[in-house]
Amino acid sequence: MWPYTFVADGAGGGGCGKVAMPGDAAVEDVQAAVFAPLADLARTLHGVEIGVTWSVLTPDAWVGHVGRDIAAADPAPSEGLLIGPSG
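All values derive from a computational prediction rather than experimental measurement. (Residues numbered from 1 in each chain as written. Predicted model: local features only at pLDDT ≥ 70, side-chain atom pairs only at ≥ 80, totals over all residues. Heavy atoms only, no water.)

Focus on the environment of Ala39
By the element assignment, Ala39 lies in helix 1 (residues 27-46). For the pair Ala39 and Ile50, spaced eleven residues apart in sequence, the C-alpha to C-alpha distance is 6.0 Å. (Helix = DSSP H or I, 4+ residues; strand = E, 2+ residues; numbered from the N terminus.)

Laid out in structure tokens, this is it:
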């Protein structure tokens, strides 16, 4: 299981959960599994396509910045999705 947390800019809202994937899953696969439901929600509720850029926070945690049509080369700020293995 891989836990994740998300924080919304401005509104202070957010949430958390776990992705049911093995602890040895590839980081890219876990990031995709965390992001997919959020992208579906944005598409369904707001009719927009979103993207994510990831940066390493610690060796076992990553930060993703989510926004409309984010290019992979965009720099990621220090807030956003935080994911990492649950040990």
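Quick notes on the pattern of salt bridges
This structure, assessed with the given rule, holds two salt bridges. Here Arg43 ties to Asp40 by a salt bridge, and the two come within 2.7 Å at their closest N and O atoms. Of this pair, Arg43 and Asp40 are both found in helix 1, three residues apart, which corresponds to roughly one turn of the helix. Residue Glu49 pairs with Arg43 through a salt bridge whose shortest N-O separation is 2.7 Å. Salt bridges here are not isolated pairs; linked through shared partners, they connect Asp40, Arg43 and Glu49. (Salt bridge = Lys/Arg side-chain N within 4 Å of Asp/Glu carboxyl O.)

Structural notes on helix 1
Spanning 20 residues, helix 1 covers 28 Å between terminal C-alpha atoms, matching the ideal 28 Å at 1.5 Å per step. The largest bend along helix 1 reaches roughly 30 degrees and is located at Phe35, with the proline Pro37 sitting one to four residues downstream. Among the residues making up helix 1, those that are buried are Val30, Gln31, Val34, Phe35, Ala39 and Ala42. (Expected span 1.5 Å × (residues − 1). Bend = angle between axes of the 7 residues up to and from the residue. Buried < 20%, exposed > 50% of the residue type's maximum accessible area, 1.4 Å probe, protein only.)

What to know about the nonpolar core
By size, the foremost hydrophobic cluster in this structure holds seven residues: Trp2, Val19, Met21, Ala25, Val30, Val34 and Trp62. If you look at the next biggest cluster of nonpolar residues, it comprises six residues, including Ala39, Ala42, Val48 and Val52. (Core = buried A, V, L, I, M, F, W, Y, C linked by side-chain atoms within 4.5 Å.)

Some remarks on the pairing of strand 4 (residues 61-68)
With eight bridges joining them, strand 3 (residues 50-58) and strand 4 adopt antiparallel strand pairing. Across the sheet, the residue bridging to Val56 is Trp62, located in strand 4. The hairpin turn running from strand 3 into strand 4, its antiparallel successor, is two residues long. (Pairing = 2+ DSSP bridges.)

Things to note about the packing of aromatic side chains
For the structure on display, the rule yields one aromatic pair. On the basis of an interplanar angle of 35 degrees and a centroid distance of 5.9 Å, the ring pair of Trp2 and Trp62 is categorised as tilted. Here Trp2, found in strand 1 (residues 2-7), pairs with Trp62, found in strand 4; they are 60 residues apart in sequence, far enough to count as distant. Here Trp2 and Trp62 have matching classes, each one buried. (Phe/Tyr/Trp six-rings, centres within 6.5 Å; stacked < 30°, edge-to-face > 60°.)

Quick word on the environment of Glu28
Relative to the helices and strands, Glu28 is located in helix 1. On the basis of relative accessibility, which here comes to 55%, the residue Glu28 falls in the exposed class. On a C-alpha basis, the gap between Glu28 and Trp54 in space is 9.7 Å, while along the polypeptide they are 26 residues apart.

On their own, these measurements won't tell you what the molecule is for.
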